[in-house]
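Examining the three-dimensional arrangement
These are the residues of each chain, in order.
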Amino acid sequence: MLELKNSGLPLYIDEKNHVMALSALLKYDGFGRKTVEKMQGLLADEHDLPLDELVYDVYRGIAYPEDEELLKKDDYRYDITIIMPGQVNGECKKTSGHYHGWNPEKTNTYAEVYEVIKGTALYILQKSDNFDAEDPADVRVDDLIFATVHEGETILIPPNYGHCSVNIGDGPLVFSNLAYVPCPVHYGPVKQFHGMSFYVMVENGEVKLKANDRYVDVPKAKFATVKENPHLGIQFGLPVYESYKKNPEAFEFLGKPDGFVDEIMSMLVYHDELVK
Ligand SMILES: O=P(O)(O)OC[C@H]1O[C@](O)(CO)[C@@H](O)[C@@H]1O
């Protein structure tokens, strides 16, 4: 068992099967598992799929019992996702991908915190102002960012961006999320197009992006890494769980995205090409 030290919590991963173990000091609400079978309709190449192969596990609602009241008051939830290593017909293992719903004012959709605890993540961020169009075929992508996040770093998923997490490392990808519980989650606009606007493949050992032709007029992709922002509670080396406990007010942007969009976007650092 390997301790997931970057989480700041007593969490462990079995190095053989990548299943997580939690200390009895922590409580958690439940566990969800996605196999290749459940990812059908979202993958780049669906010929001869290894249906039983594991893609990712999500452990929801992790907390120390004494922190439950704080999390409940703010309406936040702390979860851990483990995306397995490897590819499915050449495509890196990934989550389903979804868009968050609007805030009550319909000015912005909700943000989310993703902290990479182990491995390397590529987050596909695609902005769509009409992700909830009556006819999902009308959905257009207005901006596209591939953000690479390394172990020990954290990304804020900006409001208004659909997102999908991809494991581009050699081992398992373990990341936590701090999310606003009332946030609606929309899977339809991603499923309609059979995934996000690009698939992340491995060809001859190299990570390659493959356009999903079902989308039209996708803007030129941008490539990014991330930087810290202590004002929003994000300091690399300080686990998100601890940072939240120390200063819960810093995470106000989760439930109230208005007024934070530019600051969140400014945490992305742009590059000319995909960062590995
Ligand atoms: O399979 P789903 O529902 O898209 O969930 C995958 C991801 O979304 C989250 O629920 C949060 O956005 C994570 O816990 C998880 O990584």
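The rules we used
- Residues numbered from 1 in each chain as written.
- Predicted model: local features only at pLDDT ≥ 70, side-chain atom pairs only at ≥ 80, totals over all residues.
- Heavy atoms only, no water.
- UniProt positions renumbered as here; feature names shortened; annotations may be inferred.
- Near = heavy atom within 4 Å.
- Polar contact = N/O pair within 3.5 Å; in protein donor to acceptor, adjacent residues only side chain to side chain.
- Areas by Shrake-Rupley, 256 points an atom, 1.4 Å probe, with all protein chains shown as cover.
- 1 Å grid on protein atoms, 1.4 Å probe; cavity = no way out; pocket = protein on both sides within 12 Å on 5 of 7 lines; lining within 4 Å.
- Sits in = over half its atoms within 2 Å of the grid points.
- Helix = DSSP H or I, 4+ residues; strand = E, 2+ residues; numbered from the N terminus.
- Points joined across faces, edges and corners; volume = space filled by probe spheres on them.
- Nonpolar A, V, L, I, M, F, W, Y, C, P; charged D, E, K, R; others polar.
- Phe/Tyr/Trp six-rings, centres within 6.5 Å; stacked < 30°, edge-to-face > 60°.
- Buried < 20%, exposed > 50% of the residue type's maximum accessible area, 1.4 Å probe, protein only.
- Contact = heavy atoms within 4.5 Å.
- Core = buried A, V, L, I, M, F, W, Y, C linked by side-chain atoms within 4.5 Å.

In the nomenclature of an unreviewed UniProt entry, the protein chain corresponds to glucose-6-phosphate isomerase from the organism Fusibacillus kribbianus. As recorded by UniProt, the Sequence similarities (unreviewed entry) comment attached to the protein chain reads in full: "Belongs to the archaeal-type GPI family."

1. Quick word on the site of the ligand
Residues in close proximity to the ligand total 14 residues, the closest being Tyr56, Thr81, Glu112, Asn177 and Tyr187. In this structure, an oxygen atom belonging to the ligand sits 2.6 Å away from a side-chain N or O atom of Thr81. In this structure, Tyr187 approaches the ligand through a side-chain N or O atom, which is 2.3 Å from an oxygen atom. Protein chains bury 93% of the 380 Å² of accessible surface belonging to the ligand in isolation. Judged by its atoms lying within 2 Å of the grid points, the ligand is housed in the largest pocket. Of all the elements in the fold, those that place two or more residues in the shell around the ligand are β5 (54-60), β6 (76-83), β10 (112-118) and β15 (173-180).

2. Focus: empty space enclosed by the protein
One pass over the structure, following the stated rule, counts two cavities of 30 Å³ or more. What the largest cavity holds in volume is close to 40 Å³. Every residue along the wall of the largest cavity is listed here: Glu91, Cys92, Lys94, Ile124, Cys164, Val166, Met196, Phe198, Tyr199 and Val200. Among the elements that line the lining of the largest cavity, the one with the most residues is strand β17 (residues 198-203), at three residues. Classifying every residue of the lining of the largest cavity gives eight nonpolar, no polar and two charged. When its volume is computed, the second largest cavity comes out at roughly 40 Å³. As for the second largest cavity, its lining consists of Met39, Leu43, Val55, Val88, Glu91, Cys92, Lys93 and Lys94. Tallied by class, the residues present in the lining of the second largest cavity amount to five nonpolar, no polar and three charged.

3. Notes on the packing of aromatic side chains
Evaluated as defined, the whole model comprises 18 aromatic pairs. Consider the rings of Tyr76 and Tyr180, whose centres lie 6.5 Å apart with planes at 70°: the pair is edge-to-face. Here Tyr76, found in strand β6, pairs with Tyr180, found in strand β15; they are 104 residues apart in sequence, far enough to count as distant. Neither residue differs from the other here; Tyr76 and Tyr180 are each classed as buried. Put simply, the rings of Tyr76, Tyr110, Tyr180, Tyr244, Phe251, Phe253 and Phe260 touch in pairs and so form one group of aromatic residues.

4. A short note on the environment of His18
Following the sequence through the fold, His18 ends up in the loop between β2 (11-13) and β3 (20-22). His18 gets classed as buried once you look at its relative accessible area, which sits at 14%. Taking the C-alpha atoms as reference points, His18 and Ile83, 65 residues apart in sequence, are found 8.9 Å from one another. Those residues in contact with His18 that sit more than four places away from it in its chain are Ile13, Ile82, Met84, Pro85 and Pro172.

5. A closer look at the nonpolar core
Tyr123 and Ile155 are the most contacted members of the largest nonpolar core, which has 49 residues in total. The next biggest cluster of nonpolar side chains, apart from the first, holds 38 residues, and it includes Ile62, Tyr76, Ile117 and Met267.

6. Brief notes about the UniProt feature "domain: Glucose-6-phosphate isomerase prokaryote" (unreviewed entry) in the protein chain
Look at the UniProt record and you will see "domain: Glucose-6-phosphate isomerase prokaryote" (unreviewed entry) annotated at residues 36-214. Along residues 36-214, the helical share is 6% and the strand share 43%, with 21 Å between the first and last C-alpha atoms.

7. Regarding the layout of surface pockets
In this approach the atoms are scanned with a rolling probe the size of a water molecule, which exposes any empty space left behind. Reported here for the largest pocket is a volume of approximately 480 Å³. Along its surface, the largest pocket is lined by 28 residues, and Arg60, His98, Glu112, Tyr114 and Tyr187 are the ones closest to its centre. Contributing elements (two or more residues each) for the lining of the largest pocket: β4 (30-35), β5, β6, β10, β14 (161-167) and β15. The element that contributes the greatest number of residues to the lining of the largest pocket is β15, accounting for four residues. Looking at the lining of the largest pocket residue by residue, the classes come out as 12 nonpolar, 10 polar and six charged.

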